[in-house]
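# Report on the structure
Listed below are the residues making up each chain.
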Amino acid sequence: MNEPTTARHWLAAAAPKAAPAIATTTVLALARIWNANGAEHSVGNAVLMAALSLGAAAAGVVAGNTTGDSVLVGTAFAASGALAFAGVAGYADGLPLPLLLWSLATAGAYGLAARYWRTDRRETVAYERQTSERREEYAHIERVETLRATAQIEVARTGAAYAEQLAQALVTRAALPGFDPKALEAAGLPELPQGER
């Protein structure tokens, strides 16, 4: 009835918490590689990244207006922000501005993720509470049914023992001298079967 519980590895539990930092760090690293390979002060590359960022934002607006799917909208806006961040980090001189944008993007990503983590935690706690209540209810029903079955077995066992003792008493009494089965019937006891007379 009870399901086995399994403990998750600590890396599996920590991976979702590290995902926003890993994502923004990856974008920063790729943007700086792009910067080192000719994107620094390249107007064409900056226009490309701005167009891609605006396109992703427009896709988020359209997805929000047509489907209303919050995951799709969030993904589109996250892509837009990542493209804008990559464009600025690839275009800029030095590391101070890209690192500032990285820290802001990471803090923003954690702020958004925390909301979903809280919702997920609430749903998990509610599910665990409902499961625990169901298990307790089923365990209670199981205990009651066990008590009822035990009582029925005990009643049947007692009845069988009484019937055996009654049969033994009748056999013993029938063996006594001067036993009259008609006197028992006259006293209101049921008639004895023909084989036992």
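Residues numbered from 1 in each chain as written. Predicted model: local features only at pLDDT ≥ 70, side-chain atom pairs only at ≥ 80, totals over all residues. Heavy atoms only, no water.

### Some words on a nonpolar patch on the surface
Here is the rule we go by: Residues enter patches when they are more than 30% accessible in relative terms and free of salt bridges; like-charged ones are connected within 9 Å and nonpolar ones (Val, Leu, Ile, Met, Phe, Trp, Tyr) within 5 Å. Residue-level accessible areas treat just the shown protein chains as cover; the underlying method is Shrake-Rupley with a 1.4 Å probe. When a carboxyl oxygen of Asp or Glu is within 4 Å of a side-chain nitrogen of Lys or Arg, the pair counts as a salt bridge. Each helix corresponds to a stretch of at least 4 residues labelled H or I by DSSP, and each strand to a stretch of at least 2 residues labelled E; elements are numbered beginning at the N terminus. Only protein chains enter the accessibility calculation, which uses a 1.4 Å probe. A residue is then buried if its area is under 20% of the maximum for its type, exposed if over 50%, and partly exposed in between.
Judged by side-chain polarity, V88, L97, L100 and L104 come together as a nonpolar surface patch covering roughly 340 Å² of accessible area. With three residues, the single largest contributor to the nonpolar patch is helix α4 (residues 96-175). Inspection of the secondary structure assignment puts L97 in helix α4. Since its relative accessible area comes to 38%, L97 is described here as partly exposed.

### Points about the pattern of salt bridges
Inspection of the entire model under this criterion finds two salt bridges. Among the ionic pairs, E154 bridges to R157, the shortest N-O distance being 3.6 Å. Of this pair, E154 and R157 both sit in helix α4, separated by three residues, roughly a single helical turn. Note on E154: relative accessible area 41%, which makes it partly exposed. With a relative accessible area of 52%, R157 lands in the exposed category.

### As for the layout of surface pockets
Filter applied, for reference: Here a cavity denotes grid points, spaced 1 Å and computed from the protein atoms alone, that fit a 1.4 Å probe unable to get out, and a pocket denotes an open set having protein on both sides within 12 Å along at least 5 of 7 lines; residues with an atom within 4 Å of a point are the lining. Grid points are joined across faces, edges and corners, and a volume is the space filled by probe spheres set on the points. Each residue is assigned to one of three groups, with Ala, Val, Leu, Ile, Met, Phe, Trp, Tyr, Cys and Pro labelled nonpolar, Asp, Glu, Lys and Arg labelled charged, and all others, Gly among them, labelled polar.
The volume enclosed by the largest pocket comes to roughly 730 Å³. Along the walls of the largest pocket sit 23 residues, with G74, A78, A109, L112 and A113 positioned nearest its centre. It is helix α3 (residues 70-91) that contributes the most residues to the lining of the largest pocket, nine residues altogether. Of the pockets and cavities examined, the second largest pocket occupies roughly 360 Å³. Lining the second largest pocket, in full, are R8, A13, P16, K17, W117, D120, R121, T124 and E128. At the level of secondary structure, the elements contributing two or more residues to the lining of the second largest pocket comprise α1 (10-39) and α4. Counting residues per element, the lining of the second largest pocket draws most heavily on α4, at five residues. For the lining of the second largest pocket, the per-class residue count stands at three nonpolar, one polar and five charged.

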